[in-house]
Amino acid sequence: MSSYRDVLFQTYNATHAKALDGDEQARFAWFQQYAQVAYEPFLQPLVRAKTEILEIGCSKGFLLKALKSWGFEKLYGVDLSPEDIERARQVAPFAETECCDAAEYLSSRPEKFDVVILKAVLEHVPKEHVLPLLQNIHQSLKPSGMVLIDVPNMDWLFASHERYMDFTHEGGFTKESLLQILRNVYASAEIKPVEFSALSARGRLKQRLARGILNTLLRWSDPDGAVNPIWSRSLVGVGRKQSGG
């Protein structure tokens, strides 16, 4: 008998992702802007013609296309959805993409990649598989390689909605818990809360004013809680492999 996860992932695009993604052109534009804020600071020092980047859970290939637009040439993607991989091959035909399990894919490619990226993936992974997946990624990285793990931030003001908006979500992360799992596998780790807004300049001004008022109220009501990144919808965890392996 199929598990509920098997059933839901078989119909994921038709019943859930399609409604969230919306127009593909707008979605790609969003990915370009978001990735520049969330990932580009870590990718900027890399030699773009030589750097090998794998995206686990590449979906329809929008991030791969964004990376190509920045000059990265050696791009790879894996996803469990045949429908997504078919679309990714149209959106990002320059990338090598496969429909397969990430663990199996990684196990046959030791020290292959300079960078591995996971966006909105780890929250779907059952707890008992999280550390083994991070270890598989570690083995697939070249010495001094890094993993970028982008997850919803459970300290965000509307985190309860983010956690339960998708029945395939298995867990959630704060900056502390994401750092905890990264430190169990990687030589060094850091967390970057991501504040990203597609608002106009006027909209951002109003946003800053509203947040200033709410920050003051939060500090009065709960000084400890107010230090958390409540305005960051996402966290990016960065794990780095030692140069010696």
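Here the structure is shown first, and the text comes after it.
Values in this document were obtained by computation on a predicted structure and should not be read as measured data.

### Observations regarding helix H10 (residues 175–183)
Turning to H10, its buried residues number three or more, namely Leu178, Leu179, Ile181 and Leu182. End-on view of H10: buried residues confined to an arc of 165°, all on one side of the axis. The exposed set on the far side of H10, more than 90 degrees from its buried face, consists of Gln180 and Arg183. In this structure, the buried side of H10 is in contact with helix H8 (127–140), strand E5 (141–152), strand E6 (188–194) and strand E7 (234–240).

### Some words on the pattern of salt bridges
Summed over all chains, the structure comprises 11 salt bridges. For Asp84, the salt bridge is made with Lys60, and the minimal N-O distance between the two is 3.3 Å. Linking Asp84 in helix H6 (residues 82–91) with Lys60 in the loop between strand E1 (52–56) and helix H5 (62–69), this pair joins segments that are 24 residues apart in sequence. Here the two residues Asp84 and Lys60 agree in accessibility, since each one is buried. Members of the salt-bridge network, linked through shared partners, are Glu52, Lys112, Asp114 and Lys142.

### Quick word on the layout of surface pockets
What the second largest pocket holds in volume is close to 190 Å³. As for the second largest pocket, its lining consists of Leu122, Glu123, Val125, Lys127, Val130, Glu170, Gly171, Gly172, Phe173, Ser177, Gln180 and Ile181. Elements with a minimum of two residues in the lining of the second largest pocket: H8 and H10. The dominant element in the lining of the second largest pocket, judged by the number of residues it contributes, is H10, at 3 residues. For the lining of the second largest pocket, a count of residues per class yields 5 nonpolar, 4 polar and 3 charged.

### Section: the packing of aromatic side chains
Applying the stated criterion across every chain, the model contains 9 aromatic pairs. Measuring from centroid to centroid gives 5.4 Å for Trp30 and Phe31, while their planes differ by 85°, and the two rings are edge-to-face. Here Phe31 falls in the buried class, since its relative accessible area comes to 11%. Between Trp30 and Tyr34, the aromatic rings sit 4.8 Å apart at their centres with planes inclined by 10°, giving stacked as the arrangement. Of the two residues, Trp30 and Tyr34 are both situated in helix H3 (residues 24–38); the distance of 4 residues between them amounts to about one turn of the helix. Residue classification places Trp30 among the partly exposed residues on the basis of a relative accessible area of 25%. Residue Tyr34 is classed as buried on the basis of its relative accessible area, which comes to 3%. An aromatic cluster is defined as three or more aromatic residues linked by ring pairs; in this entry it consists of Trp30, Phe31, Tyr34, Tyr39, Phe62 and Phe196. Over the ring of Trp30 we find Arg27, and its NZ or CZ is 4.9 Å from the ring centre.

About the thresholds
Residues numbered from 1 in each chain as written. Predicted model: local features only at pLDDT ≥ 70, side-chain atom pairs only at ≥ 80, totals over all residues. Heavy atoms only, no water. Buried < 20%, exposed > 50% of the residue type's maximum accessible area, 1.4 Å probe, protein only. Helix = DSSP H or I, 4+ residues; strand = E, 2+ residues; numbered from the N terminus. Arc of directions from axis to C-beta. Contact = heavy atoms within 4.5 Å. Salt bridge = Lys/Arg side-chain N within 4 Å of Asp/Glu carboxyl O. 1 Å grid on protein atoms, 1.4 Å probe; cavity = no way out; pocket = protein on both sides within 12 Å on 5 of 7 lines; lining within 4 Å. Points joined across faces, edges and corners; volume = space filled by probe spheres on them. Nonpolar A, V, L, I, M, F, W, Y, C, P; charged D, E, K, R; others polar. Phe/Tyr/Trp six-rings, centres within 6.5 Å; stacked < 30°, edge-to-face > 60°. Lys NZ or Arg CZ within 6 Å of the ring centre and 35° of its normal.

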